[in-house]
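Observations on the model geometry
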Amino acid sequence: LRHAGYSTYGVGKWHNVADTNATSSGDRSAWPLQRGFDRYYGFLGAETNFFSPGHLIEGNEFLPLDAYPTDYYCSDDWTDRAVRFLRGHQSASPERPFFLYVAHNAPHVPLQAKPEDIAAYEGMYDAGWDALREARFVRQKMMGLLPESWRLPGGSPGVPSWDDVPEERRPLMAHYMQIYAAMIENIDTNVGRLVAELKALGRWDNTLLVLTSDNGASSIGGPDGAANIF
């Protein structure tokens, strides 16, 4: 794309570097700027703390950060920087096409969301995953997304039916689903922010938006997760 005249920007997760090279003295040949990006802001590796990332990188350098703002949340930060890249591009070279890669680490582990986002889903998952799965399947049929002839398959191997989950553990499992939903809603909000910015800059009608995902729910840490992985 660079050879075709595009400006290239990358934001967020970059899990394409060996851990031994995700260091100040490591080989940078697999870092974003050496893989085709003009500018990059984010972190290297599979996961990090959403409220206090282990490190942030701008370009080819680690940022010297001692602390994060009390309201910091990395999914919002990625979008803030993406918007800044878009505005800078539009002001400097509005005639040039661009490629913007925004790699959210959510909803990868660790499951961490803002308290107000979690609270919005209070009680929504108390009926358990089996009832929720059935309700979503019925709704998808009503919306015409699935043929009437389709039948809901059995549960995934290793996932117990909700009835088999001990009653004292159900609030914890429901809370995990709340957190996951809160992380997804935050991503939805941030994608909306990017769309709004593209429209404000007059670029929306000539922009192709591709949304893709690699991970779903993660089994890292087992059903109960880990008490502390950072």
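Heads up: these notes are all about the structure in this document. (Residues numbered from 1 in each chain as written. Predicted model: local features only at pLDDT ≥ 70, side-chain atom pairs only at ≥ 80, totals over all residues. Heavy atoms only, no water.)

Now for the overall build of the protein. Along the backbone of the protein there are four helices and five strands. In the protein, the succession of α and β elements from N to C terminus is β-β-β-β-α-β-α-α-α. With the C-alpha coordinates aligned to their principal axes, the bounding extent of the protein is approximately 55 × 40 × 30 Å. A separation of at least 24 residues holds for 71% of the contacts in the protein among residues at least 6 apart in sequence. Accessible surface for the protein amounts to roughly 13,800 Å². Of this, 53% is attributable to carbon and sulfur atoms. Within the protein, one finds 20 positive and 29 negative side-chain charges whose respective centroids are separated by 7 Å. (Helix = DSSP H or I, 4+ residues; strand = E, 2+ residues; numbered from the N terminus. Contact = heavy atoms within 4.5 Å. Areas by Shrake-Rupley, 256 points an atom, 1.4 Å probe, with all protein chains shown as cover. Lys, Arg positive; Asp, Glu negative; His and termini not counted. Charge placed at Lys NZ, Arg CZ, Asp CG, Glu CD.)

On to the side chain of T8, then. Relative to the elements of secondary structure, T8 occurs in strand β1 (residues 7-14). You can call T8 buried: its relative accessible area is 3%. A distance of 2.7 Å separates the side chain of T8 from the backbone oxygen of G36, its partner in a polar contact. Apart from residues lying up to four places away in sequence, T8 is in contact with L1, R2, G36, F37, D38, R39 and F99. (Buried < 20%, exposed > 50% of the residue type's maximum accessible area, 1.4 Å probe, protein only. Polar contact = N/O pair within 3.5 Å; in protein donor to acceptor, adjacent residues only side chain to side chain.)

Let us look at the pairing of strand β2 (residues 39-44). Taken across its six residues, β2 has five buried, putting it largely inside the fold. Relative to β2, β1 runs parallel, the two sharing six bridges. Note on β2: the bridge partner recorded for G12 is G42. Relative to strand β3 (residues 57-58), β2 runs antiparallel, the two sharing two bridges. When the sheet's bridge partners are listed, Y41 is paired in β3 with E58. (Pairing = 2+ DSSP bridges.)

What follows deals with the packing of aromatic side chains. Taken as a whole and judged by the stated rule, the model has 13 aromatic pairs. Aromatic ring contacts, followed pair by pair, group W14, F37, Y40, F99 and Y101 into a single cluster. The ring of W31 has R28 lying over it, and the distance from NZ or CZ to the ring centre is 4.2 Å. The residue whose ring lies beneath R81 is Y41, and the NZ or CZ to ring-centre distance is 3.9 Å. (Phe/Tyr/Trp six-rings, centres within 6.5 Å; stacked < 30°, edge-to-face > 60°. Lys NZ or Arg CZ within 6 Å of the ring centre and 35° of its normal.)

Moving on, we get to the nonpolar core. Judged by nonpolar contacts, the single largest core of 25 residues is most densely connected at F50, L56, Y72, W78, A113 and M183. Counting only elements with at least two residues in this core, the list comes to β1, β2, α1 (74-92) and α4 (170-200). Setting aside its immediate chain neighbours within four residues, F50 contacts Y72, Y73, C74, S75, N105, A106, H108, P110, Q112 and M183. (Core = buried A, V, L, I, M, F, W, Y, C linked by side-chain atoms within 4.5 Å.)

On to the sheet that holds strand β5 (residues 98-103), then. Spatially, β4-β3-β2-β1-β5 is the arrangement adopted by the five strands of the open sheet, whose pairing is mixed. Edge positions in the sheet fall to β4 (61-62) and β5, since each has one partner strand and no second.

The final tally for this structure, using the stated rule, is five salt bridges. When the shortest N-O distance is used, the salt bridge between R81 and E58 registers 2.7 Å. Note that R81 is positioned in helix α1 and E58 in strand β3, a separation of 23 residues in sequence. Here K114 makes a salt bridge to D76, at a shortest N to O gap of 2.8 Å. (Salt bridge = Lys/Arg side-chain N within 4 Å of Asp/Glu carboxyl O.)

A cluster of nonpolar side chains, namely L1, Y6, F99 and Y101, defines an oily patch on the protein surface of about 350 Å² accessible area. Inspection of the secondary structure puts L1 in the segment before β1. Taking the relative accessible area as the measure of exposure, L1 reaches 52% and is therefore exposed. (Patch = residues over 30% accessible without salt bridge, like charges linked within 9 Å, V, L, I, M, F, W, Y side chains within 5 Å.)

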